[in-house]
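# Commentary on secondary and tertiary structure
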Amino acid sequence: MSASVYFDHNASAPLDPRVLATMLPFMREHHGNASSLHRAGRRARNALDAARAQVAMLVGSEPGEVVFTSGGSEANALALRGCCEARTPSRLLVSAVEHSSVLAPARALFRAGWVLEIIPVDRDCRVDLAALDELLERGPVALVSVMLANNETGVLQDVAAIAARVRSRGGVLHVDAAQAAGRVPIDMRALGCQLLTLSAHKLHGPQGAGALLRDRGLQLAPLIAGGGQEQGLRGGTEPVAALVGFGAAAALAAAELPARAAAMLVLRQRLETGLRELCGVALVAEGAARLPNTVQFALAGLDGAALQMGFDRLGFAVSTGSACHAGKPSHVLAAMGLPNDIAQGAIRVSLGKDNTASEVDAFIVALAGISAALPVAAVG
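As a starting point, this report considers the structure included with it. (Residues numbered from 1 in each chain as written. Predicted model: local features only at pLDDT ≥ 70, side-chain atom pairs only at ≥ 80, totals over all residues. Heavy atoms only, no water.)

### Looking at helix H4 (residues 100–111)
Given a rise of 1.5 Å per residue, 12 residues ought to cover 16 Å, and the 16 Å separating the end C-alpha atoms of H4 matches this to within 8%. Among all positions of H4, only Ser101, Val102, Leu103, Pro105, Ala106 and Leu109 are buried. Looking at the buried positions of H4, the neighbouring elements they touch are helix H3 (72–85), strand E3 (91–95), strand E4 (115–119), strand E5 (143–145), strand E6 (172–176) and helix H10 (331–335). Of the residues flanking the end of H4, it is Gly113, one or two places downstream, whose phi is positive at about 115 degrees. (Helix = DSSP H or I, 4+ residues; strand = E, 2+ residues; numbered from the N terminus. Expected span 1.5 Å × (residues − 1). Buried < 20%, exposed > 50% of the residue type's maximum accessible area, 1.4 Å probe, protein only. Contact = heavy atoms within 4.5 Å.)

Okay, structure coming up:
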């Protein structure tokens, strides 16, 4: 294939030109600080208010519940640290397949005196509800964090069932929905969570913008103290252009979600059909409910990093898993109990709204050629 094909939308989706168009006035001439009272400041504040409403609408929330951040990682940190640091140390539960931006603050809280317990998953990456029940029965839990859609496998969790269990025990539920937003419908009320993370660049918005949606009755401690911005939870001048872009991307995602999801599902199914026809290919979490755009597969005995580089040379951008852990063993696949020869050869394809059937077909042809040329890796 002569042109480059981008199949790594779970790492970052391209900026939609329509989103960029909304951002440009605030990058060129509208440079007011949203905390200023003069006309330029009021224009910036109005733009932020509009963006806040657009982001809230995407997930069935209210504008006053949106706390803008620099991205999903900061939103996750604010959820965990903000919730826990506002409380006396007790118990914290997180699933074994969370993103590193959840696991890292959870471990930091453990070092600060919190009891951290990991919720196991099954071989299809789904939270073990019986194990969660057992953990909840051991005593009071302050916070539980479970992602809506896994960034590597695309597997969707039964968040409503998890929320009912957590709520019955008086706990707070945080949901990292960064990968799910714009790909599946989200209603924060129906999910039953009190905290929800979003990231702009996963849904064709700009990098460097995100949000934590918070039940207004929930007390949080700020990560960044300062001038009182973002309800006193995130000090610092808001990046108006980026947040305007976030709002525009959220509005487009909400309006176009049914069409986008349907088109991506058709492509995902086409890709999976082609993969099944190749000898030695194993689809990860094939039987679980997944995002319409995500396929993870492996060729037993082949090295995933070598496969990734082979695709790159042919003009296909794919991943071996989370972009935050490129080149490292996947804790997600380990938690699922997949054998080494599968986990070592895993590749993630994450499709986007602009990908085509011809690109998928070319990828299958390329995979057949690359796998035939690569030596079998030594696996332990």
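### Things to note about the packing of H3 against H4
Two quantities define a packed helix pair, namely the angle between the helix axes and the distance between the axes. Where H3 meets H4, the closest approach of the two axes is 8 Å, and the angle between their N-to-C directions is 25 degrees. The orientation of H3 with respect to H4, classified from their angle, is roughly parallel. Considering only the axes of H3 and H4, their crossing is right-handed. Residues Ser73, Asn76, Ala77, Leu80, Arg81, Cys84 and Glu85 of H3 pack against Ser101, Val102, Pro105, Ala106 and Leu109 of H4. The residue inventory of the contact of H3 with H4, partitioned by class, reads seven nonpolar, three polar and two charged. (Axes fitted to C-alpha atoms, helices over the stretch in contact; angles between N-to-C directions. Parallel < 35°, antiparallel > 145°, perpendicular 65-115°, else oblique. Left-handed = near helix turned anticlockwise from the far one by under 90°. Nonpolar A, V, L, I, M, F, W, Y, C, P; charged D, E, K, R; others polar.)

### Brief notes about the pattern of salt bridges
Oppositely charged side chains can form a pair if their charged atoms are brought close together. Under the criterion given, the structure shown has 21 salt bridges. Where Glu230 meets Arg52, a salt bridge forms, and the shortest distance between an N and an O atom there is 2.7 Å. In this pair, Glu230 sits in the loop between strand E8 (210–214) and helix H8 (240–276) while Arg52 sits in helix H2 (residues 39–58), placing the two residues 178 residues apart along the sequence. On the basis of relative accessibility, which here comes to 5%, the residue Glu230 falls in the buried class. The buried category is assigned to Arg52, whose relative accessible area is 9%. In this structure, Lys353 engages Asp354 in a salt bridge whose closest nitrogen and oxygen atoms are separated by 3.3 Å. Overall, the relative accessible area of 22% leaves Lys353 in the partly exposed class. Overall, the relative accessible area of 56% leaves Asp354 in the exposed class. Via salt bridges that share partners, Asp16, Arg18, Glu256, Arg260, Lys353 and Asp354 belong to a single interconnected network. (Salt bridge = Lys/Arg side-chain N within 4 Å of Asp/Glu carboxyl O.)

### Things to note about the environment of Val349
With respect to the helices and strands, the residue Val349 is situated in strand E12 (residues 346–350). Owing to a relative accessible area of 0%, Val349 belongs among the buried residues under this scheme. Distance in space between the C-alpha atoms of Val349 and Tyr6 is 9.2 Å, their sequence separation being 343 residues. Apart from the residues within four sequence positions on either side, Val349 is in contact with Phe7, Leu271, Asn293, Thr294, Val295, Phe297, Val318 and Phe363.

### Side note on the side chain of Ser12
Mapping Ser12 onto the fold places it in the loop between strand E1 (5–6) and helix H1 (17–28). Judged by its relative accessible area of 13%, Ser12 falls in the buried class. A distance of 2.8 Å separates a polar atom in the side chain of Ser12 from a polar atom in the side chain of His201. (Polar contact = N/O pair within 3.5 Å; in protein donor to acceptor, adjacent residues only side chain to side chain.)

### Brief notes about the sheet that holds strand E2 (residues 66–69)
In spatial order, the strands read E2-E8-E7-E6-E5-E3-E4; together these seven strands make up an open sheet with mixed pairing. This sheet does not close on itself; its edge strands, each paired only once, are E2 and E4. Within this sheet the neighbouring strands show an average axis-to-axis angle of 20 degrees, counted without direction. The pairing of strand E7 (residues 195–199) with E8 spans five bridges and is antiparallel. Across the sheet, Leu198 pairs through a bridge with Ala211, a residue of E8. The strands touched by H2 are E2, E7 and E8; relative to E2, the strand with the most contacts, the crossing angle is about 110 degrees. In the packing of helix H5 (residues 129–137) onto the sheet, contacts are made with E3 and E4, and the angle to E3 comes to roughly 175 degrees. (Pairing = 2+ DSSP bridges.)

### Describing the nonpolar core
Counting residues in hydrophobic clusters, the biggest one holds 72 residues, and the most contacted among them are Leu173, Ile186, Leu196, Leu198, Phe246 and Met336. Examining the composition of this core, we find that 11 residues originate from one element, H8, more than from any other. Leave out the neighbours within four places in its chain, and Phe246 touches Val55, Phe68, Leu198, Ser199, Ala200, Pro206, Ala209, Gly210 and Ala211. In this structure, Phe7, Phe297, Leu299 and Val360 belong to the second largest nonpolar core, which totals 24 residues. (Core = buried A, V, L, I, M, F, W, Y, C linked by side-chain atoms within 4.5 Å.)

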